[in-house]
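Residue-level listing of the chains:
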Amino acid sequence: MKKKALITGVTGQDGSYLAEFLLEKGYEVHGIKRRASSFNTQRVDHIYQDPHIDNKNFILHYGDLTDSSNLTRILQEVQPDEVYNLGAQSHVAVSFESPEYTADVDAMGTLRLLEAIRLLGLEKKTRFYQASTSELYGLVQEIPQKETTPFYPRSPYAVAKMYAYWITVNYRESYGMYACNGILFNHESPRRGETFVTRKITRGLSNIAQGLESCLYMGNMDALRDWGHAKDYVRMQWMMLQQEQPDDFVIATGVQYSVREFIRWSAKELGVTLRFEGQDIEEVAIVEKIDGDNAPALKVGDIVVKVDPRYFRPAEVETLLGDPTKAKNVLGWVPEITTQEMCAEMVAADLKSAKRHALLKAHGYELPVSVE
Ligand code: NDP
Ligand code: GDR
């Protein structure tokens, strides 16, 4: 019998990699997608299967984490062996603007799923993975952060995820459910949403290099993050549900870098050396040297990065650094892709796309380039 998995957030970065991973493992994969006014399945289109053929292994259902009856119906229909709750309003800055919606989806959505599993009598059959986050540590109480480090959430997103964390623990303890929290530190990829900092940088600098944008406006460049690759992290999500006993794990690389360093590397991948000048909101990055032909639109002395306080957050998480020792010892997990390799992969993908746009533009077919 094929195992069945249900993924909320299947159209997101992690959902798309996890769906691929589980299909390769021979699972029948069900995913929940939201209704949108235009197509929102770009990240899973390459694994899409025509609903008119028999024996499909990848099946999408319309749904929403704010809708209990919908979640209950899908769970009843699918009877999954594993549920991966990856769906969320996942942007920390946006959570300050939409705190109630963020709580509804990220906190209550988790409760709705757990409760639906329980009410359908699936609590002994269905294993549950909760996408918890390093944002729980917020104002950090210990360096590096591990499973026992106290939480101090610093955004409506993190507070909502803290509820989700504890309700997952509570259902495990109260009803004997196999339910786990993966406390994942930041993880990125070419599929990362365009408004998260790494992708904003790799895409923005690639566009600037090709003459499609003129300047990248950034928030806090001193922020320190422990960035891994999403592919490594979804493998871990699956591993967590294959253990004898459910447990919670920190997933991280154990190395941290600043946003500024990530900008510097990304520029280097484009053959551009940057010099940072000025302090705080006056800080800028200036082109110092250009090698190769990936940045035909730039010349030495151009200012390509400026600070815009619009991107500062009401409360910032300044530093995050994870200690993945437990995951390494208990599960044998080690990340295979370094932060620098990931950065190179992201720049290569964004440069390819920028070159395509630039070529079209040169031939009179200019496409609008979205910026935040
Ligand atoms: P994304 O933002 O790329 O994807 C989020 C997914 O959730 C999308 O499929 C989105 O749908 C879906 N979604 C949003 N709102 C709802 C809703 N109301 N009902 C159902 N689905 C909804 O996030 P990631 O893939 O990066 O992250 C996956 C999970 O892991 C999230 O829960 C995130 O908070 C958490 N996390 C992420 C980390 C990271 O660094 N990436 C680190 C730690 C935790 P749509 O495509 O329609 O917008
Ligand atoms: P984060 O990721 O908030 O850690 O949440 P993000 O990439 O948005 O920010 C990382 C750090 O970079 C600083 N920063 C900027 N951020 C954005 N988005 N845009 C900017 O212009 C900018 N300039 C500086 C931020 O202030 C921050 O310090 C991500 C999400 O995926 C969450 O869902 C997940 O839970 C955590 O990672 C772990």
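Residues numbered from 1 in each chain as written. Chains lettered and ligands numbered in written order. Predicted model: local features only at pLDDT ≥ 70, side-chain atom pairs only at ≥ 80, totals over all residues.

Looking at an unreviewed UniProt entry, one finds the protein chain named GDP-mannose 4,6-dehydratase, with Shewanella holmiensis as its source organism. According to UniProt, the comment filed for the protein chain under the heading Sequence similarities (unreviewed entry) is "Belongs to the NAD(P)-dependent epimerase/dehydratase family. GDP-mannose 4,6-dehydratase subfamily." UniProt, in the comment section headed Catalytic activity (unreviewed entry), describes the protein chain in these words: "GDP-alpha-D-mannose = GDP-4-dehydro-alpha-D-rhamnose + H2O". (UniProt positions renumbered as here; feature names shortened; annotations may be inferred.)

Enquirer: Break down the environment of R154 for me, citing the residues and quoting the values.
Expert: Counting through the fold element by element, R154 comes out in the loop between β5 (127–133) and α5 (156–175). With 20 C-beta atoms packed within 10 Å, R154 lands in the buried category. Considered as a pair, R154 and I290 are 136 residues apart in the sequence and their alpha carbons are 40 Å apart. When residues no more than four places from it in sequence are discounted, the contact partners of R154 are G138, L139, A315 and V317. (Helix = DSSP H or I, 4+ residues; strand = E, 2+ residues; numbered from the N terminus. Buried ≥ 20, exposed ≤ 12 C-beta atoms within 10 Å, placed from the backbone. Contact = placed C-beta atoms within 7 Å.)

Enquirer: Tell me what's going on with the site of ligand 1, and back it up with residues and numbers.
Expert: Around ligand 1 lies a shell of 26 residues, among which G9, G12, G87, A88 and A131 are the nearest. Counting residues per element, the ones that place at least two in the shell around ligand 1 are α1 (13–24) and β5. Residue classes in the shell around ligand 1 are distributed as eight nonpolar, 15 polar and three charged. (Near = placed C-beta within 6 Å. Nonpolar A, V, L, I, M, F, W, Y, C, P; charged D, E, K, R; others polar.)

Enquirer: I'd like a rundown of the packing of α1 against helix α7 (residues 230–240), residues and numbers included.
Expert: Their axes nearest at 9 Å, the elements α1 and α7 cross at an angle of 60°. The pairing of α1 with α7 is recorded here as oblique in orientation. In the crossing of α1 with α7, the sense of the turn from one axis to the other is right-handed. In this structure, α1 contributes Q13, D14, Y17, L18, F21 and L22 to the contact, and α7 contributes A230, K231, Y233, V234, R235, Q237 and W238. Looking at side-chain class alone, the contact of α1 with α7 contains eight nonpolar, two polar and three charged residues. (Axes fitted to C-alpha atoms, helices over the stretch in contact; angles between N-to-C directions. Parallel < 35°, antiparallel > 145°, perpendicular 65-115°, else oblique. Left-handed = near helix turned anticlockwise from the far one by under 90°.)

Enquirer: How would you summarise the site of ligand 2 if you had to cite specific residues and measurements?
Expert: In the vicinity of ligand 2 lie 22 residues, with V92, T133, V197, G219 and A223 positioned nearest. Where the shell around ligand 2 is concerned, the elements lending two or more residues are α3 (92–97) and α6 (197–209). Grouping the constituent residues of the shell around ligand 2 by class yields ten nonpolar, seven polar and five charged.

Enquirer: Could you give an account of the sheet that holds strand β13 (residues 272–277), with specific residues and numbers?
Expert: Across a sheet, strands are paired by hydrogen bonds formed along the backbone, either parallel or antiparallel in direction. Taken in spatial order, the four strands of this open sheet run β8-β15-β14-β13, and their pairing is mixed. Only two strands of the sheet have a single partner each, and these edge strands are β8 (216–218) and β13. Along the sheet, successive strands turn relative to each other by an average axial angle of 25°, direction set aside. Two elements, β13 and strand β14 (residues 284–290), share six bridges in a ladder whose sense is antiparallel. Note that in β14 the partner of F276 across the bridge is A285. Together, β8, β13 and β15 (303–307) form the strand contacts of α6, whose direction differs from that of β8 by roughly 155°. Sitting on the sheet, helix α8 (residues 259–269) touches β8, β13, β14 and β15, and the angle it makes with β13 is about 150°. (Pairing = 2+ DSSP bridges.)

Enquirer: Before we move on, could you go through the sheet that holds strand β3 (residues 58–62) and cite the residues and values that matter?
Expert: The seven strands lie next to each other as β3-β2-β1-β4-β5-β6-β11, forming an open sheet whose pairing is parallel. At either margin of the open sheet sits one strand with a lone partner, and together these are β3 and β11 (249–251). Strand-to-strand, the axes of this sheet are offset by a mean angle of 20°, without reference to chain direction. Its contacts with the sheet put helix α4 (residues 99–119) on β4 (82–85) and β5, and the angle it makes with β4 is roughly 170°.

Enquirer: Kindly report on the UniProt feature "domain: NAD(P)-binding" (unreviewed entry) in the protein chain, identifying the contributing residues and their values.
Expert: Under the UniProt annotation, the feature "domain: NAD(P)-binding" (unreviewed entry) is placed at residues 6–346. Helix makes up 35% of residues 6–346 and strand 18%, whereas the separation of the span's terminal C-alpha atoms amounts to 28 Å.

Enquirer: I'd like a rundown of α1, residues and numbers included.
Expert: With twelve residues, α1 extends 17 Å between its outermost C-alpha atoms, agreeing within 8% with the 16 Å of an ideal straight helix rising 1.5 Å per residue. Residues of α1 that are buried include every one of Q13, D14, G15, S16, Y17, L18, A19 and L22, and no others. Looking at the packing, one finds that the buried side of α1 touches β1 (4–8), β2 (28–33), β3, β4 and α7. (Expected span 1.5 Å × (residues − 1).)

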